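Analysis of the macromolecular model
Residue-level listing of the chains:
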Amino acid sequence: MPKIFVARRIFQEALDMIAKEGQVEVWPDEIPPARDVLLQKVADVDGLLSLLTDKVDAELMDAAPKLKVISQIAVGYENIDVAEATKRRIPVGYTPGVLTNTTADMAFALLMAAARRLVEGAEAVKSGMWKTWHPLHFLGQDIHGATLGILGMGRIGLEMAKRAHGFGMTILYHDVVRRPLDEEKKYGIIYQPLDTVLRKSDFISVHVNLIPETYHLIGKRELTLMKPTAVLINAARGPVIDPKALYHALKNKVINAAGLDVTDPEPIPFDDPLISLDNCIIVPHIASASVATRLRMSTMAADNLINGLKGKRMVNCVNPEVYQS
Amino acid sequence: MPVARPKAFITRLLPQEALDIVSCEADLEVWPNKYPPPPQILRQKVFEVEGILTNIMDRVDQALLDAAPRLRVVSQLAAGLDNIDLAAATNRHIPVGYTPGVVSAVTADHTFALLLAAAHRVSESERWLRKGKWEIAFHPLFWLGSEVHHSRLGIVGMGKIGMEVAKRARGFDMDILYHSRTPKPEAEATYSAIYTDFSTLLESSDFVTLHVPLTSETRHLIGKEELRIMKPTAILVNTARGPVVDPQALHQALNKGWIAGAALDVTDPEPILPDDPLLTLENLVVTPHLGSATVTTRKRMAILAAQNLVAGLKDERLPSCANFEAYTEYEGK
């Protein structure tokens, strides 16, 4: 019977699926297994179900000579050395698609919360500071009719565009690859050079993968190009934004506000200056955190794992070239 | 022959553009404090003015109108008029101005901001993170919220704001149910909204949002019985008026898990008292009546309220009047 290590508790439905196929060990703690523990755990396993916080590199694969499949429960996989896995003909599974809508919802939630100073307002109420109504208190920004700039027009970017239309927003975008014209028309999106998107948008939402080219995609230069009233949203990956440049931009009102679901590093340290700012909303990487989405992610990762163990082609594979003979 | 300029009292500081409109036509006094003028002061102030510009915190009742013999116009900086005795004003032929229309889109925006924040636990997780509690980067079972996309939204009251909320909901692929005094064919044609009776809406919606004015019929429209029949996973959003929801029943519902969460921009009383038990609940988010709180909208509202005030002072028809009946006697002449 194959052995499987699942690096964190996931939904029982998914664990039940896996348990039918092999002998499962689930890491019970909330904190990820320490490196040396992880290396021990994978020593005799056939399958590994991993998370973004588990580094899966050549060393780990060396420590796991029987490893036949890596199944990542996430749409990103920057913690995995995919080339190394491919070299060893180990298929790597991931969970795209299922979290597109939910992530777009969260990005929009952050956009709206930042624009309308929702967290600041809620905090004032909670701490008993709401004493009266005044026409000039807590003024935020209009979302309806504003211009939204989307950087990275992938699946999540398109869903953002769809939501933005309900608010009568104008949508500009930039990406390395331009979308076909019929799609631009369907989603009402306007392609522009990066700097134009930065200059003209009231809201800028980042939806790119983390790759060397997108590391610090938003730095001092980009922040300076934005409107002083601009709101920046990041529900992609923390390192896409230079956190020091962002802090200075928010502190000195180079831009108006930011809403972040991701930080660099993660978790963001308690003494990080970004946390001290009222105009920066930070939530703990929960864009895909809904019961339904996490359940779908769990069962998809279980399905990928099982197919890998059985030597069948997995549906959502990062490196399908392993299947070429 | 020089004509005496009319006098006006404005109960709170407004954007300068609006004050300028009034000062062209009248001698104005602006209440400078952030707190409203106390009732006895307000009564003194209105004694000598022809026009007042009020907001939701100022009570304009019979007694106040009796104390204002020269008053010719009340201009309210809001879409709602529940602080004003409209019938009493009409009886005295005093037109009452208000600012609907300009607040619809912005209130719908805030409604959606609250809905999304409650569903995705934005405020709760933000506060937790700010306290330094984010120690584990990621866990598949932490902070699970509810999905907004493809869920069912129940809109109670399909007026201007309800329609704007429906428009936004379509971008999230939500199904829309609505209940209103009269069916709204436009909502059905444009946003595929489906008219249902009130209890069906409550029983089958994932999100219930209230967009009714506060009247004697809508006071405690959402009480124990209504909360009991909502889904245990449902989230209630109120950006209308506080008393539309029975606060004690809401506390019970949130505490006992009859519903999953609530988001309020309005409370009863308002402001909510700091020791109100509702504020101890983690599954409730409350903002301090920010429905129309954006720079552009407040400016637009203030300008419209100023125009209403000036029109009243000049005995012209108000651009946006809540009681055109106040004019009937003059028109009959």
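This one's a predicted model, so the numbers in the text were calculated from it and none came from an experiment. (Residues numbered from 1 in each chain as written. Chains lettered and ligands numbered in written order. Predicted model: local features only at pLDDT ≥ 70, side-chain atom pairs only at ≥ 80, totals over all residues.)

What follows covers the overall build of chain B. If you tally the helices and strands in chain B, you get 13 helices and 12 strands. Its C-alpha radius of gyration of 22 Å places chain B within 12% of the 20 Å reference for a compact globule of 333 residues. For chain B, the spread of C-alpha atoms along the three principal axes comes to 80 × 50 × 30 Å. Across the 333 residues of chain B, 53% fall into the buried class. A separation threshold of at least 6 residues defines the contact pool for chain B, and within that pool the share at least 24 residues apart is 64%. (Helix = DSSP H or I, 4+ residues; strand = E, 2+ residues; numbered from the N terminus. Rg over C-alpha atoms; globule rule 2.2 N^0.38 Å. Buried ≥ 20, exposed ≤ 12 C-beta atoms within 10 Å, placed from the backbone. Contact = placed C-beta atoms within 7 Å.)

From N to C terminus, chain A includes 12 helices and 12 strands. Radius of gyration (C-alpha) of chain A: 22 Å, near the 20 Å computed for a compact globule of 325 residues. Summarising its shape, the C-alpha atoms of chain A cover approximately 70 × 50 × 30 Å along the three principal directions. Taken over 325 residues, chain A has a buried fraction of 51%. The contacts of chain A with a sequence gap of at least 6 include a subset with a gap of at least 24, amounting to 63%.

Take the interface of chain A and chain B next. At the interface, 64 residues of chain A touch 65 residues of chain B. When contributions to the side of chain A that touches chain B are tallied by element, the ones reaching two or more residues are helix H5 (100-115), helix H6 (118-126), helix H7 (155-165), strand S12 (280-282) and helix H12 (291-309) of chain A. Partitioned by chemical class, the residues of the side of chain A that touches chain B number 35 nonpolar, 16 polar and 13 charged. (Nonpolar A, V, L, I, M, F, W, Y, C, P; charged D, E, K, R; others polar.)

Attention now goes to the pairing of strand S2 (residues 23-26) of chain A. Residue and element names in this part refer to chain A. Note: strand S1 (residues 3-6) against S2, four bridges, orientation parallel. Paired with Ile4 across the strands is Val24, a residue of S2. A crossover connection joins S1 to the parallel S2 through helix H1 (residues 12-19); in handedness this β-α-β unit is right-handed. (Pairing = 2+ DSSP bridges. Right-handed = clockwise from strand over helix to strand, strands pointing away.)

Residues and elements named next belong to chain A. The parallel open sheet is built from seven strands, whose spatial order is S8-S7-S6-S9-S10-S11-S12. The outermost strands of the open sheet, each flanked by one partner alone, are strand S8 (189-191) and S12. Across the sheet, the axes of successive neighbouring strands diverge by a mean angle of 20 degrees, strand direction being ignored. Bridge analysis of strand S7 (residues 170-174) against S8 gives three bridges, and the strand direction is parallel. Looking at S8, one finds that Ile171 is bridged to Ile189. Strands strand S6 (147-151), S7, S8 and strand S9 (203-206) of the sheet are contacted by H7, whose axis makes an angle of about 170 degrees with S6. (Axes fitted to C-alpha atoms, helices over the stretch in contact; angles between N-to-C directions.)

Residue and element names in this part refer to chain B. The assigned domain composition of chain B is domain 1 (7-102 + 295-332) and domain 2 (104-286). Computed over C-alpha atoms only, the centres of domain 1 and domain 2 are separated by 32 Å. Contact residues are listed per partner, giving five residues for domain 1 and six residues for domain 2. Class assignment of the residues belonging to the side of domain 1 that touches domain 2 gives a composition of one nonpolar, three polar and one charged. (Domains from an automatic or database assignment.)

For the rest of this paragraph, the subject is unusual backbone geometry. The phi angle of most residues is negative, glycine excepted, and most peptide bonds adopt the trans form. Of the consecutive residues Glu266 of chain A and Pro267 of chain A, the connecting peptide bond is found in the cis state with omega at -10 degrees. With respect to the helices and strands, Pro267 of chain A occurs in the loop between strand S11 (257-260) and S12. At the junction of Asp268 of chain B and Pro269 of chain B, the peptide bond is cis and its omega measures out at 0 degrees in the coordinates. Looking at the element boundaries, Pro269 of chain B is found in the loop between strand S11 (261-264) and strand S12 (284-286). Phi at His93 of chain B takes a positive value of approximately 60 degrees, unusual for a residue other than glycine. Tracing the backbone through its elements, the reader meets His93 of chain B in the loop between helix H4 (86-91) and strand S5 (96-97). With phi around 50 degrees, His289 of chain B is a residue other than glycine that occupies positive phi space. Its place among the elements puts His289 of chain B in the loop between S12 and helix H12 (295-313).

Okay, the sheet that holds strand S3 (residues 47-50) of chain A next. All names here are of chain A. Spatially, five strands are ordered S2-S1-S3-S4-S5 in an open sheet, and the strand pairing comes out parallel. Among the strands making up the open sheet, the edge pair consists of S2 and strand S5 (92-93). Pairing between strand S4 (residues 69-72) and S5: two bridges, direction parallel. Bridge pairing in S5 links Ile70 to Val92. Of the strands in this sheet, S1 and S2 touch H1, which is tilted by about 145 degrees from S2. Sitting on the sheet, H12 is in contact with S1, S3, S4 and S5, with an inclination near 175 degrees to S4.

Helices that pack against each other are described as a pair by the angle of their axes relative to one another and the distance between those axes. At their nearest, the axes of H6 of chain A and helix H6 (residues 122-130) of chain B sit 10 Å apart, and the two run at 75 degrees to each other. The angle between H6 of chain A and H6 of chain B falls in the class roughly perpendicular. Between H6 of chain A and H6 of chain B, the residues in contact are Leu118, Val119, Ala122 and Glu123 of chain A and Val122, Ser123, Glu126 and Arg127 of chain B, respectively. Looking at the contact of H6 of chain A with H6 of chain B, its residues break down into four nonpolar, one polar and three charged. (Parallel < 35°, antiparallel > 145°, perpendicular 65-115°, else oblique.)

What follows covers H12 of chain A. Owing to its 3.6 residues per turn, the α-helix brings residues three or four apart onto one side. Compared with an ideal rise of 1.5 Å per residue, which puts 19 residues at 27 Å, H12 of chain A spans 27 Å between its outermost C-alpha atoms and is within 8% of the ideal. Gly311 of chain A lies just past H12 of chain A and shows a positive phi near 75 degrees. (Expected span 1.5 Å × (residues − 1).)

With that out of the way, let us pick up the environment of Ile10 of chain A. Residue placement: Ile10 of chain A occurs in the loop between S1 and H1. Residues Ile10 of chain A and Lys186 of chain A, 176 residues apart in the sequence, show an inter-C-alpha distance of 37 Å. Once you skip the residues sitting within four places of it in the chain, Ile10 of chain A turns out to touch Leu15, Ile73 and Ser298 of chain A together with Pro140 of chain B.

Nonpolar side chains in soluble globular proteins generally cluster together in the buried interior. Grouped together as the largest cluster of nonpolar side chains are 172 residues, with contacts concentrated most on Ala113 of chain A together with Leu115, Ala117 and Ile235 of chain B. The next biggest cluster of nonpolar side chains, apart from the first, holds 42 residues, and it includes Ile18, Leu38, Val45 and Met61 of chain A. (Core = buried A, V, L, I, M, F, W, Y, C linked by C-beta atoms within 7 Å.)

Another aspect to go through is the environment of Tyr35 of chain B. All names here are of chain B. With respect to the helices, strands and loops of the structure, Tyr35 is situated in the loop between strand S2 (27-30) and helix H2 (39-47). Taking the C-beta count within 10 Å as the criterion, Tyr35 has 12 such neighbours and is therefore assigned exposed. Along the backbone, Tyr35 and Val73 are 38 residues apart, and their C-alpha atoms lie at a distance of 23 Å.

Right, let's talk about the pairing of strand S4 (residues 73-76) of chain B for a bit. Residues and elements named next belong to chain B. Alternating positions in S4 separate into two faces, Val73 and Ser75 on one and Val74 and Gln76 on the other, with burial throughout. Pairing geometry for strand S3 (residues 51-54) and S4, over four bridges, is parallel. Along S4, the bridge assignment pairs Ile52 with Val74. The parallel pair S4 and S5, bridged by H4, forms a crossover whose chirality is right-handed.

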